[in-house]
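# Residue-level structure breakdown
Each chain, letter by letter, is given below.
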Protein chains: 2
Amino acid sequence: MAQDATKPIVERYLEDFVVGQTFTSGRAQVTQQEIQAFAAEFDPQPFHLDENAAQDTFFKGLAASGWHTAAMTMRLLVEGEVKPAGGIIGAGFEEMRWPRPVRPGDELRTESEVLEVRPSKSRPDQGVIKLRTTTLNQNDEVVQVFVGSLIVLRRRAG
Amino acid sequence: MAQDATKPIVERYLEDFVVGQTFTSGRAQVTQQEIQAFAAEFDPQPFHLDENAAQDTFFKGLAASGWHTAAMTMRLLVEGEVKPAGGIIGAGFEEMRWPRPVRPGDELRTESEVLEVRPSKSRPDQGVIKLRTTTLNQNDEVVQVFVGSLIVLRRRAG
């Protein structure tokens, strides 16, 4: 298949992941326009749409939708060091927090740590890793923490 | 399930939420173009970007990013019946699952149920409700389940 030609430089299989391993990402800045565009499409609330209206809300100023922060984090993960064979496929997560809002101009990056590695009982070709991913801004303040499970391929026997 | 476009917009305070209450939303269809556009910006992986490349992956065909499903769910929630005073402000989540992928042309809707209602100990003007939101497709198949906590304002005394 043509897939072989597009294989990424590093591909990690289940056997390559170890509890305690850490991975980082590049950095990505978010603009006010991007915050407002995401909100207009997916989370049209005053505190994500309008700088003035946002002043009198819980956020006391324009803030990115939490789902925008999550989506930006996904981009950083996809382009970051984790690189599971088969791609980053989330099975679900068990914890998600946004301790601090993302503001226009913030520059985000991620730090991930492997918390668990286990083969699937029903699918001999795959397994699951539990990963905690922390998203930080340019001041090293945490803007998101999530603990999620990724489906990862096992190396083929033989 | 029933949509009532004539329903008046209400604002619910913490005191208006009761465990066991349920809320629904309207419906929203997602196109292949939207799935690919979201993926290009936030989750650029073959199974979200390219119909042909997606055939040989875990998803066996083009599928929406889980974060796209989450973002579409947020839009349905914002425009749906929950309507907390002060807006829908997520404090975090303790469970998120994507039991089935969202495909081009799928039409999504949400069903939410209040699991907990509690005043804040530190902030007398607000509280938290725990809400389970299930996102279903046009065949009533579950595509996402999340249990999240929303910050909700209390009615002012006096």
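Here goes a summary of the coordinates provided.

Cut-off values and rules
Residues numbered from 1 in each chain as written. Chains lettered and ligands numbered in written order. Predicted model: local features only at pLDDT ≥ 70, side-chain atom pairs only at ≥ 80, totals over all residues. Heavy atoms only, no water. Helix = DSSP H or I, 4+ residues; strand = E, 2+ residues; numbered from the N terminus. Buried < 20%, exposed > 50% of the residue type's maximum accessible area, 1.4 Å probe, protein only. Polar contact = N/O pair within 3.5 Å; in protein donor to acceptor, adjacent residues only side chain to side chain. Contact = heavy atoms within 4.5 Å. 1 Å grid on protein atoms, 1.4 Å probe; cavity = no way out; pocket = protein on both sides within 12 Å on 5 of 7 lines; lining within 4 Å. Points joined across faces, edges and corners; volume = space filled by probe spheres on them. Buried area = accessible area lost by both parts, 1.4 Å probe. Salt bridge = Lys/Arg side-chain N within 4 Å of Asp/Glu carboxyl O. Nonpolar A, V, L, I, M, F, W, Y, C, P; charged D, E, K, R; others polar. Pairing = 2+ DSSP bridges. Axes fitted to C-alpha atoms, helices over the stretch in contact; angles between N-to-C directions. Parallel < 35°, antiparallel > 145°, perpendicular 65-115°, else oblique. Left-handed = near helix turned anticlockwise from the far one by under 90°. Phe/Tyr/Trp six-rings, centres within 6.5 Å; stacked < 30°, edge-to-face > 60°.

## Observations regarding the side chain of B:Q144
Residue and element names in this part refer to chain B. With respect to the helices and strands, Q144 occurs in strand 6 (residues 142–153). Residue Q144 is classed as buried on the basis of its relative accessible area of 0%. A distance of 3.3 Å separates a polar atom in the side chain of Q144 from the backbone nitrogen of A70. Setting aside its immediate chain neighbours within four residues, Q144 contacts G66, T69, A70, T73, M96, R97, W98, P99, T133, T134 and T135.

## Quick look at empty space enclosed by the protein
Residue and element names in this part refer to chain A. Applying the stated criterion to the full structure yields 1 cavity of 30 Å³ or more. Its volume calculated, the largest cavity comes out at about 40 Å³. Surrounding the largest cavity, L77, I88, L131, T133, F146, G148 and L150 form its lining. Those elements that place two or more of their residues in the lining of the largest cavity are strand 5 (126–136) and strand 6 (142–153). Tallying contributions element by element places strand 6 first for the lining of the largest cavity, with 3 residues.

## Regarding the interface of chain B and chain A
Listed per partner, the contact involves 37 residues of chain B and 37 residues of chain A. Of the roughly 3000 Å² buried where chain B meets chain A, counting both sides, 67% is carbon and sulfur surface. Across the contact surface, chain B and chain A share 0 salt bridges. Viewed at the interface, chain A and chain B are joined by 10 residue pairs in polar contact (both at pLDDT 80 or more). Elements represented by at least two residues in the side of chain B that touches chain A include exactly helix 1 (32–42), helix 4 (66–78), strand 3 (90–97) and strand 6 of chain B. Of the residues belonging to the side of chain B that touches chain A, the class tally is 21 nonpolar, 8 polar and 8 charged. The pairing of strand 3 (residues 89–97) of chain A with strand 3 of chain B spans 4 bridges and is classified as antiparallel. Across the sheet, residue A:M96 finds its bridge partner in strand 3 of chain B, namely B:F93.

## Looking at the packing of helix 1 of chain B against helix 4 of chain B
All names here are of chain B. For the pair helix 1 and helix 4, the least separation of the axes is 10 Å and the interaxial angle reads 115°. One way to sum up the angle between helix 1 and helix 4 is to call them roughly perpendicular. As for the relative orientation of helix 1 and helix 4, their crossing is right-handed in sense. Mapping the contact onto sequence places E34, I35 and F38 in helix 1 and W67, H68 and A71 in helix 4.

## Side note on the packing of aromatic side chains
Within the structure shown, the criterion is met by 20 aromatic pairs over all chains. Measuring from ring centre to ring centre gives 5.1 Å for A:F38 and A:F42, while their planes differ by 50°; the resulting arrangement is tilted. Here A:F38 and its partner A:F42 are both found in helix 1 (residues 32–42), 4 residues apart, which amounts to about one turn of the helix. Both residues of the pair, A:F38 and A:F42, belong to the buried class. For the pair B:F17 and B:F23, a centre-to-centre distance of 6.0 Å together with 75° between the ring planes defines the contact as edge-to-face. With a relative accessible area of 5%, B:F17 lands in the buried category. Joined through ring pairs, the aromatic side chains of A:F38, A:F42, B:F38 and B:F42 make up one cluster.

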